[in-house]
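Chain and residue survey
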Amino acid sequence: KFVKYACTTHMSDPANILDSGIISINKEIYDMAISNKDYSGMGTTFVACSIVDNHVYIANVGDSRLYLIGRDIRQITRDHSYVEEMYRKGLITRDSEEYQSKKNIITRALGSHDYTAADIFEEPVVPGDLLLLCSDGLTNMVGDDAIFEIAKGAASLEEKTNVLIEQANENGGQDNISVILASVE
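This write-up is about the structure you can find in this document. (Residues numbered from 1 in each chain as written. Predicted model: local features only at pLDDT ≥ 70, side-chain atom pairs only at ≥ 80, totals over all residues. Heavy atoms only, no water.)

Looking at the overall build of the protein chain
Counting secondary structure elements, the protein chain contains 7 helices and 7 strands. Counting only residues that meet the buried cut, the protein chain has 41% of its 185 residues in that class. Of the contacts formed within the protein chain by residues at least 6 apart in sequence, a portion of 61% connects residues at least 24 apart. Within the structure as shown, the protein chain displays about 10,400 Å² of accessible surface, and the carbon and sulfur contribution to it stands at 48%. Side chains of the protein chain carry 16 positive and 29 negative charges; the gap between the two charge centres is 4 Å. (Helix = DSSP H or I, 4+ residues; strand = E, 2+ residues; numbered from the N terminus. Buried < 20%, exposed > 50% of the residue type's maximum accessible area, 1.4 Å probe, protein only. Contact = heavy atoms within 4.5 Å. Areas by Shrake-Rupley, 256 points an atom, 1.4 Å probe, with all protein chains shown as cover. Lys, Arg positive; Asp, Glu negative; His and termini not counted. Charge placed at Lys NZ, Arg CZ, Asp CG, Glu CD.)

Some words on the side chain of threonine 139
Within the secondary structure layout, threonine 139 lies in helix 5 (residues 136-139). With a relative accessible area of 15%, threonine 139 lands in the buried category. Apart from residues no more than four positions distant in its own chain, threonine 139 is found in contact with Arg65, Tyr67, Cys134 and Ile147.

Remarks on unusual backbone geometry
For aspartate 53, which is not glycine, the phi dihedral falls at a positive 50 degrees. Non-glycine residue asparagine 54 carries a positive phi angle of around 60 degrees.

As for the environment of lysine 152
The residue lysine 152 is located in the loop between helix 6 (144-151) and helix 7 (157-170) in this model. Classification of lysine 152 as partly exposed rests on a relative accessible area of 40%. Taking the C-alpha atoms as reference points, lysine 152 and isoleucine 73, 79 residues apart in sequence, are found 9.8 Å from one another.

As for helix 7
Compared with an ideal rise of 1.5 Å per residue, which puts 14 residues at 20 Å, helix 7 spans 20 Å between its outermost C-alpha atoms and is within 8% of the ideal. Of the residues making up helix 7, those classed as buried are Lys160, Thr161, Leu164 and Ala168. The buried residues of helix 7 occupy an angular sector of 105 degrees when projected down its axis, which confines them to one face. Turned more than 90 degrees off the buried face of helix 7, the exposed positions are Glu158 and Glu170. Against strand 6 (130-134), helix 5, helix 6 and strand 7 (179-183) lie the buried residues of helix 7. Downstream of helix 7 by a residue or two, glycine 172 has a phi angle that is positive, lying close to 135 degrees. (Expected span 1.5 Å × (residues − 1). Arc of directions from axis to C-beta.)

Considerations on the pattern of salt bridges
One pass over the full model with this rule turns up 8 salt bridges. Two residues, lysine 27 and aspartate 31, come together in a salt bridge whose shortest N-O distance is 3.0 Å. Residue lysine 27 and its partner aspartate 31 are both found in helix 2 (residues 14-35); the two are separated by 4 residues, about one turn of the helix. Look at lysine 27 and you get partly exposed, because its relative accessible area is 41%. Of the charged contacts, one joins glutamate 84 and arginine 88 as a salt bridge, the two residues approaching to 3.9 Å between their closest N and O atoms. Taken together, the residues span about one helical turn, with glutamate 84 and arginine 88 both in helix 3 (residues 82-88) at a distance of 4 residues. (Salt bridge = Lys/Arg side-chain N within 4 Å of Asp/Glu carboxyl O.)

Note that every value here comes from positions in space, so none of it alone points to a role or purpose.
Structure follows, in structure tokens:
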């Protein structure tokens, strides 16, 4: 539904399209959750991007991420999770037991409230850069260095995507694993 919204809107600014699309989809999920007891309490994380004029515009809600992979790997999005908020405040470290035991606590998700704000980012890109959009099912099981090595390998995008998923499963596969790997042309 988000893609349909983005393709049919009359807006032209990519950041505004991402933001208003997320507001619209959030409302739809929220309304469904409150109108049907089978869906009560449901929500989802979300990450999306659009490339326009050598810039990538990114939106995220929750802990699904976008990485920009060029000469290095860099997480662009910020996780909306209890532990990342505590980490940003300097109250815990990423290698602490508390971080590891509470990293599944999400502080923002689509559908959890009648309004949920997305973080919107804009980054320059060049041909050959890779964009990795993924759920925490990948990043909890495969470290950034390994992701970088696989993504920069000689295989096709489809093959690299499959290898990332296989690696996450081999490392324990404790969650859903969603992966999109795209090349900037």
